[in-house]
Amino acid sequence: MKRYSQRGMYNAVAEINIIPLMDLVFNLLIVFMLATPLLENSANIKLPAVSSSVPLDSKDITTVNLDARGILTLDKKPVTLSQLETLMRTAVQKDPQHAVAVRGDEKVPYGKFVEIVDHLKQAGVTRLGIMGTPPK
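In this text, all values refer to a predicted model and were calculated from it rather than measured experimentally.

Trainee: When you look at the side chain of T62 in this model, what are you seeing that I'm missing?
Mentor: Tracing the sequence through the fold places T62 in strand β1 (residues 61-66). Of the polar contacts made by the side chain of T62, one reaches the side chain of H98; its length is 2.5 Å. Once residues lying within four places of it in the same chain are set aside, the contact partners of T62 are L74, D75, M88, H98, A99, V100 and A101.

As structure tokens, this is what we get:
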């Protein structure tokens, strides 16, 4: 529908109606605000239940994840066992008290989990934690 100015019947108004554009921008903002927290926890790991737990202060802790498919990630980046050992060795050289938390899916074979812990010990990690689901 064409709008006309007050000056004359045949002069078109040269304004852009920005209300629909603002509606679109606000809708996109809401979608991204709702979707962002879901993207942060992208590691699909179901931790085993534990009967006792101690809360962690996660400021200076490196997290090693092992999902059900056997994919190893270090702070959300896929790595191999040799890369993990090298990266942890350099972290321990910088800070001998560097802490590492290992999260393993409950379907991961125990041997694979022990292999990861062994590589961390060979890298010189002395502060090692194993994560599980706290009791309800």
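Don't stop here, the text continues.
Trainee: What is the right way to look at the environment of L74 in this model?
Mentor: Within the fold, L74 resides in strand β2 (residues 72-74). Residue class for L74 comes out buried when judged on its relative accessible area of 9%. Residues L74 and T63, spaced 11 residues apart in sequence, show a C-alpha to C-alpha distance of 6.1 Å. Ignoring sequence-local partners within four residues, the contact set of L74 consists of T62, T63, V64, V79, L84 and L87.

Rules behind the numbers
- Residues numbered from 1 in each chain as written.
- Predicted model: local features only at pLDDT ≥ 70, side-chain atom pairs only at ≥ 80, totals over all residues.
- Heavy atoms only, no water.
- Helix = DSSP H or I, 4+ residues; strand = E, 2+ residues; numbered from the N terminus.
- Polar contact = N/O pair within 3.5 Å; in protein donor to acceptor, adjacent residues only side chain to side chain.
- Contact = heavy atoms within 4.5 Å.
- Buried < 20%, exposed > 50% of the residue type's maximum accessible area, 1.4 Å probe, protein only.

Read these as spatial facts, not as claims about activity.
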